[in-house]
Amino acid sequence: MARGCLAPSGHWSTLIDRRPLRYGPRNHTVGATDKPLVALERSLRMRMEARSLEIPTPRRIRYGGDYNPEQWPEHLWAEDVALMAEAGVNLVTVGVFSWAQLQGGLGAELSADWLDRVLDLLYEVGVGVDLATATASPPPWLVRAHPDILPVSADGVRMSLGGRQHYCPSSSVYRDAAVDLASRIASRYGGHPALELWHIGNEYGSRVNACYCEVSAAAFRKWLRDRYNDDIDELNRAWGTAFWSQRYLDFDEVGPPRTAPSMRNPTHQLDFLRFSDCELRACYLAERDVLRVATPQVPVTTNLMGLFQPTDSWAWAAEMDIVSVDRYPDPADPYAHVQAALVADLTRSLGAGRPWYLMEQAPGAVNWRPTNVPKNRGEFRTWSLQAVARGADAVLQFQWRASAAGAEKFHSGMVPHGGVDTRQWREVVALGADLRNLAPLAGTPISAHVALLVDWESWWALELGSHPAQLRLPELLFELYQPLFDSGTTVDFAHPESDLSQYRLILAPALYMVSGRAATNLIAHVDSGGCALITYFSGIVDPDDHVRLGGYPAPWRDLLGLDVEEFSPLPSNETLPLRGSVAHSRSTGRRWAELVRLRGARPLLEIAAGPLEGQPAATVHRYGRGAAYYLATTPDPATLTALISEITFEAGVPTAPPRPVGVEAVERGGHVVLINHTDAPIDADVGANPRRDLLSGSMKHHSVTLPPRGAVVLAPAENL
Ligand code: GLA
């Protein structure tokens with residue numbers, strides 16, 4: 001899937017440390033407690049999860065978090081593992097930022113006796129380890145010896161040591177050092193029986209997603225030569241350099257799109273975004289490949305970040321055995337639980353429906369927003385249950401013990417500064433018990449009949465600027481997602497070029513840039529009986545960011561039965577009245593309007609007054625055996641909900657049973673999960689057949705009262 005990426009430069013396999021594994025074969029046991037069955041089960045389970053995800057019983061949900069014992073005196077470790085046992089913790093992520101504690105020089109032997117003791121201790125108490133390659137924060141000695149690994153910003157400032165992720169992704173010094181470290185860690189711990197999962201790097205691109213230094217410039221030129229077959233005229237054509245006298249005579253004239261006096265060439269910027277993503281992924285792949293060679297049976301992951309723009313999550317997820325995500329919705333946002341659900345559905349979709357891991361969430365507050373509102377009482381539980389309901393097989397937090405020092409000392413931890421006689425700790429222990437009860441959900445699938453299309457390259461191009469208006473894809477995705485969430489309709493996300501045949505309805509919000517293949521894919525979907533809803537500013541440009549001529553959206557004019565002649569975006573404080581079959585008396589459109597000429601499409605909404613009166617705002621067009629809908633504005637929430645409800649009905653999307661506002665309903669593996677996201681009790685109908693609530697153990701039928709931020713997980717009727 002790594003479209004347009006080159007193979008990582010260098011021969012990483014030559015750097016693999018081929019010394020025998022310190023702990024021997026994976027079923028070897030250490031320490032006083034011999035647990036061959038645990039080790040065997042773990043090893044078998046991991047193999048199955050990584051390849052086919054046919055997980056044999058006993059199933060379980062992983063629970064735990066980032067464990068940073070190097071921040072604490074060793075005498076506390078025994079307390080840590082005792083508390084982990086009390087909370088039901090069964091998986092911890094170790095060593096994410098431990099490079100400086102593990103190695104004292106380039107190519108030096110690991111000084112990791114402390115880590116040996118940590119892993120042995122965890123194994124003794126039955127806690128599995130997601131072991132990091134520790135490469136996310138290069139140590140000071142490496143920066144001192146090679147200051148040119150420090151990244152440079154678009155305006156030429158070289159960043160300094162003192163934070164984290166301070167490396168240029170194209171630096172061969174950094175990559176070689178990281179691969180060396182990963183290789184030594186694989187060699188030392190690849191056979192450790194506590195090892196369940198490799199955690200490569202950390203949140204790639206979250207602090208530095210692109211570097212503009214000379215090393216990056218040279219790598220970018222090489223990448224461009226490969227992309228354009230060493231033909232500078234091809235680059236000139238793709239970048240449209242006839243505009244503003246930008247024609248290049250040689251690749252050596254090209255650099256990264258550094259700060260410039262006016263709007264920069266968009267295709268130049270787009271290619272640099274593609275390149276930068278590839279360079280970050282090359283860092284990941286280099287480490288991943290040494291781990292795969294050393295320990296083919298141990299699955300790998302790195303933590304994605306939901307709708308995080310710089311890294312193309314489709315391409316990244318394709319390179320992982322288990323897709324994992326860090327999810328930090330803002331408790332101050334009244335729609336935080338909907339945002340969280342969206343990220344869950346996205347992460348599941350990135351892994352093609354396989355169970356995913358919630359790699360990080362805050363047990364309470366974070367410390368990196370201007371004001372860090374803690375989670376409301378009960379939200380730690382409800383958002384965790386939501387993750388499991390939407391396909392997660394692990395609920396992990398950042399971090400186990402709240403730090404006493406450093407930049408994140410006011411970030412919540414599972415063990416707060418106040419210790420165990422605290423609300424936070426009681427919630428941590430209670431959640432551990434809940435997750436144990438949810439073991440039957442582990443490994444089970446979720447099905448969806450609706451998919452939202454998202455393509456990172458189109459997203460990059462959409463937000464480059466110099467457009468009719470600044471559209472933000474996450475907002476547009478959320479606007480379409482919310483009415484579906486509210487109606488209890490489970491949504492997948494899909495790449496526009498992927499197989500869409502399992503879906504009845506496809507939603508394409510501002511899919512600005514489309515390849516020919518993506519355009520045909522959507523047409524074929526509708527032709528064969530599916531439905532599609534395409535919004536404004538979709539299908540506008542090709543993958544070089546050149547406008548597809550002849551009227552917008554050129555590839556889909558016949559599909560939609562209309563031509564868009566002109567865009568008419570609205571100032572942020574302006575709305576237009578709407579009328580039509582799905583309108584209410586005060587329906588409005590905002591953000592966007594257009595001059596649309598209908599060529600067979602039927603309006604469902606139109607502008608009701610002003611200079612654009614009579615212009616279609618929403619249309620439907622029968623095409624082949626299906627129907628294509630178009631949205632030329634953003635209707636107010638009630639009107640959009642009515643429209644989406646009509647479209648899902650017409651598309652034959654199975655309707656979820658009605659349920660009260662504020663209650664989330666999801667079905668996973670035949671289990672029905674109902675979550676009350678409000679702070680008032682709500683009665684919900686659960687049907688006439690008695691079903692066991694896995695959380696309380698009691699039978700439920702007809703109606704349940706969900707307490708404030710309460711939940712039930714109803715087992716399938718046959719599992720009584
Ligand atoms: C990210 C990082 C963690 C930590 C948390 C804090 O997710 O991966 O190391 O900084 O944020 O919220």
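Fair warning: this is a prediction, and the values are worked out from it, not measured in the lab.

Looking now at the environment of P355. Looking at where P355 falls in the secondary structure, it is placed in the loop between helix 11 (336–350) and strand 8 (356–360). Spatially, the C-alpha atom of P355 lies 31 Å from that of E463, the residues being 108 residues apart in sequence.

Okay, the sheet that holds strand 10 (residues 450–453) next. Spatial strand order, 11-10-12-13-20-19-18-15-16-21: ten strands in an open sheet with mixed pairing. Strands with a single pairing partner mark the edges of an open sheet, and in this sheet they are strand 11 (491–494) and strand 21 (634–635). Direction of pairing for strand 16 (residues 588–590) relative to strand 21: antiparallel, over a ladder of two bridges. Residue pairing for strand 21: G589 is matched across the bridge by P635. Together, strand 10, strand 11, strand 12 (505–508), strand 13 (531–535), strand 16 and strand 21 form the strand contacts of helix 15 (residues 473–486), whose direction differs from that of strand 10 by roughly 170°. Lying over the sheet, helix 18 (residues 637–651) contacts strand 12, strand 13, strand 18 (602–607), strand 19 (616–623), strand 20 (626–631) and strand 21, oriented at roughly 170° with respect to strand 20.

Okay, the pattern of salt bridges next. Enumeration according to the criterion identifies 48 salt bridges in this entry. Between R274 and D271 there is a salt bridge, and its shortest N-O distance comes to 2.9 Å. Here R274 and its partner D271 are both found in helix 9 (residues 266–294), three residues apart, which amounts to about one turn of the helix. Considered together, R274 and D271 belong to a single accessibility category, that of buried residues. With its nearest N and O atoms 2.9 Å apart, the salt bridge here joins D321 to R292. Of this pair, D321 sits in the loop between helix 10 (313–317) and strand 7 (324–326) while R292 sits in helix 9; the two residues are 29 residues apart in sequence, bridging distant segments of the chain. For D321, a relative accessible area of 4% corresponds to the buried category. The exposure class assigned to R292 is partly exposed, which follows from its relative accessible area of 28%. One continuous salt-bridge network, built from bridges that share partners, spans R557, D558, D563, E565, R597 and R599.

Take the site of the ligand next. Around the ligand sit F97, R164, N202, E203, R207, D326, Y328, E360, W368, F398, E408 and H411, and that is every residue in its neighbourhood. In this structure, an oxygen atom belonging to the ligand sits 3.4 Å away from a side-chain N or O atom of D326. Between the ligand and E408, the relevant distance is 2.4 Å, taken from an oxygen atom to a side-chain nitrogen or oxygen of the residue. For the ligand, whose free accessible area comes to 310 Å², the fraction covered by protein is 98%. Taken together, the residues that form the shell around the ligand break down as four nonpolar, two polar and six charged.

Helix 9 packs onto helix 6 (residues 172–189) with a crossing angle of 25° between their chain directions and a minimal axis gap of 9 Å. When the interaxial angle is binned, helix 6 and helix 9 end up roughly parallel. Considering how the two elements wind past one another, helix 6 and helix 9 form a crossing that is right-handed. Here helix 6 contributes Y174, R175, A178, V179, A182, S183 and A186 to the contact with helix 9, which in turn contributes E279, A282, C283, A286, E287, V290, L291 and A294.

This next bit is on the packing of helix 2 (residues 75–87) against helix 13 (residues 423–437). For the pair helix 2 and helix 13, the least separation of the axes is 8 Å and the interaxial angle reads 55°. Taken together, the axis directions place helix 2 and helix 13 in an arrangement best described as oblique. Along its contact with helix 2, which presents L83, E86 and A87, the element helix 13 presents W425, V428, V429, G432 and R436.

It is worth spelling out the domain arrangement of the chain at this point. Each assigned domain of the chain is listed with its residue range as follows: domain 1 (450–651) and domain 2 (663–719). If you average the C-alpha positions of domain 1 and of domain 2, the two centres end up 35 Å apart.

A separate point is the packing of aromatic side chains. If you walk through the whole model with that rule in mind, you get 26 aromatic pairs. Seen from their ring centres, Y167 and Y174 are 3.8 Å apart, and the 5° between their planes marks the pair as stacked. Here Y284 and W316 contribute two aromatic rings whose centre-to-centre distance is 5.5 Å and whose plane-to-plane angle is 45°, an arrangement assigned as tilted. Pair noted here: Y284 is in helix 9 and W316 is in helix 10, with a separation of 32 residues, a long-range link. A connected cluster of aromatic rings, assembled from ring pairs, spans Y512, Y536, F537, Y552, F567 and W592. Over the ring of W72 we find R401, and its NZ or CZ is 5.5 Å from the ring centre.

Here E664 lies in strand 22 (residues 663–668). Looking at E664, its side chain comes within polar contact range of the side chain of Q386, at 3.0 Å. Excluding residues within four positions of it along the chain, E664 makes contact with A341, Q386, R390, F485, R659, V673, L674, I675 and H677.

Moving on: unusual backbone geometry. Omega for the bond connecting F398 with Q399 falls within 30 degrees of zero, at -5°, which places this linkage in the cis form. Along the chain, Q399 falls in the loop between strand 9 (392–397) and helix 13. Cis geometry is adopted by the peptide bond preceding P553, which originates at Y552 and carries an omega value of -25°. The phi dihedral of S245 is positive, around 55°, even though this residue is not glycine.

Taken together, the nine strands give an open sheet; going across it, the order is 5-4-3-2-1-9-8-7-6, and neighbouring strands pair in parallel fashion. In this open sheet, the two edge strands, each paired with only one partner strand, are strand 5 (300–301) and strand 6 (303–304). Sheet topology note: the strand 3 (residues 128–132)/strand 4 (residues 195–199) ladder contains four bridges and is parallel. Among the inter-strand pairings, L131 is bridged to a residue of strand 4, identified as W198. Sheet strands touched by helix 12 (residues 379–389): strand 1 (62–67), strand 8 and strand 9. Its angle to strand 9, the strand with the most contacts, is close to 150°.

This part covers the environment of Y174. Along the polypeptide, Y174 turns up in helix 6. Expressed as a C-alpha distance, the spacing of Y174 and P138, which sit 36 residues apart in the sequence, is 8.0 Å. Non-local contacts of Y174, meaning those with residues more than four positions away in its chain, are made with W99, T135, P138, I149, Y167, C168, C283 and E287.

What follows is about helix 15. Between its first and last C-alpha atoms helix 15 spans 20 Å; for 14 residues at 1.5 Å apiece the expected length is 20 Å, and the two agree. L480 marks where helix 15 bends most, by close to 25°; the proline P483 follows one to four residues later. The buried fraction of helix 15 amounts to eleven of the 14 residues, a majority that puts the element mostly inside the structure. For helix 15, every residue scored as buried is listed here: L473, L476, L477, F478, E479, L480, Y481, Q482, P483, L484 and F485.

The rules behind the values
- Residues numbered from 1 in each chain as written.
- Predicted model: local features only at pLDDT ≥ 70, side-chain atom pairs only at ≥ 80, totals over all residues.
- Heavy atoms only, no water.
- Helix = DSSP H or I, 4+ residues; strand = E, 2+ residues; numbered from the N terminus.
- Pairing = 2+ DSSP bridges.
- Contact = heavy atoms within 4.5 Å.
- Axes fitted to C-alpha atoms, helices over the stretch in contact; angles between N-to-C directions.
- Salt bridge = Lys/Arg side-chain N within 4 Å of Asp/Glu carboxyl O.
- Buried < 20%, exposed > 50% of the residue type's maximum accessible area, 1.4 Å probe, protein only.
- Near = heavy atom within 4 Å.
- Polar contact = N/O pair within 3.5 Å; in protein donor to acceptor, adjacent residues only side chain to side chain.
- Areas by Shrake-Rupley, 256 points an atom, 1.4 Å probe, with all protein chains shown as cover.
- Nonpolar A, V, L, I, M, F, W, Y, C, P; charged D, E, K, R; others polar.
- Parallel < 35°, antiparallel > 145°, perpendicular 65-115°, else oblique.
- Left-handed = near helix turned anticlockwise from the far one by under 90°.
- Domains from an automatic or database assignment.
- Phe/Tyr/Trp six-rings, centres within 6.5 Å; stacked < 30°, edge-to-face > 60°.
- Lys NZ or Arg CZ within 6 Å of the ring centre and 35° of its normal.
- Expected span 1.5 Å × (residues − 1).
- Bend = angle between axes of the 7 residues up to and from the residue.

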